[in-house]
Amino acid sequence: MPAGTWGYRWCAGRAGEDAVRWVEYTNYAGDTEMTRLRVADGIDEPRAVPIWGIGNEV
């Protein structure tokens, strides 16, 4: 791997995983760690968010 690219690749991979977790926490109805966290946060039902806008923060 070229020098200086490891951090970028790690962040880019992590950002994708984080995006999946956000959608799972918000929209998924099954029983997972993220949906249990949502319920613990006081949000019993998924929100069914249809559109996600992810900018350069991810």
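Residues numbered from 1 in each chain as written. Predicted model: local features only at pLDDT ≥ 70, side-chain atom pairs only at ≥ 80, totals over all residues. Heavy atoms only, no water.

A. Representation of the overall build of the chain in the model. When helices and strands are counted, the chain shows two helices and zero strands. Of all 58 residues assigned to the chain, the portion counted as buried reaches 14%. Counting only carbon and sulfur atoms, one obtains 58% of the accessible surface of the chain, whose full area is about 4,700 Å². (Helix = DSSP H or I, 4+ residues; strand = E, 2+ residues; numbered from the N terminus. Buried < 20%, exposed > 50% of the residue type's maximum accessible area, 1.4 Å probe, protein only. Areas by Shrake-Rupley, 256 points an atom, 1.4 Å probe, with all protein chains shown as cover.)

B. Local environment of a nonpolar patch on the surface. Taken together, the side chains of Trp22, Val23, Trp52 and Ile54 make up a nonpolar region of the molecular surface, amounting to roughly 360 Å² of accessible area. For Ile54, the position within the fold is in the segment after helix 2 (33-40). (Patch = residues over 30% accessible without salt bridge, like charges linked within 9 Å, V, L, I, M, F, W, Y side chains within 5 Å. Salt bridge = Lys/Arg side-chain N within 4 Å of Asp/Glu carboxyl O.)

C. Looking closely at the confidence of the model for the chain. Averaged over all residues, the pLDDT of the chain is 78; the fraction at 70 or higher stands at 69%. Counted against residues more than four places away or in other chains, residues 1-10, with its pLDDT under 50, gives two contacts. (pLDDT = per-residue confidence, 0-100. Contact = heavy atoms within 4.5 Å.)

D. Spatial organisation of the side chain of Arg38. Within the secondary structure, Arg38 sits in helix 2. Notably, Arg38 is buried but unbridged: the nearest opposite-charge side chain belongs to Glu45, and the N-O separation is 6.4 Å. Setting aside residues up to four positions removed in sequence, Arg38 forms contacts with Glu24, Tyr25, Thr26, Tyr28, Ile43, Asp44, Glu45 and Pro46. (Lys, Arg positive; Asp, Glu negative; His and termini not counted.)

E. Summary view of the pattern of salt bridges. Summed over the entire model, instances satisfying the criterion amount to three salt bridges. Ionic pairing is found between Arg21 and Glu17, a salt bridge with its closest N-O pair at 3.7 Å. Residue Arg21 and its partner Glu17 are both found in helix 1 (residues 6-27); the two are separated by four residues, about one turn of the helix. We note a salt bridge from Asp18 to Arg21, for which the minimum N-O separation is 2.7 Å. On the criterion of helical spacing, the pair formed by Asp18 and Arg21 is a turn pair, its members being three residues apart in helix 1. The class for Asp18 is partly exposed, based on a relative accessible area of 21%.

F. Main features of the environment of Ile43. Topologically, Ile43 is positioned in the segment after helix 2. Residue classification places Ile43 among the partly exposed residues on the basis of a relative accessible area of 22%. Spatially, the C-alpha atoms of Ile43 and Thr26 are 9.0 Å apart, while their sequence positions differ by 17 residues. What Ile43 contacts, discounting residues up to four positions off in sequence, is Tyr25 and Arg38.

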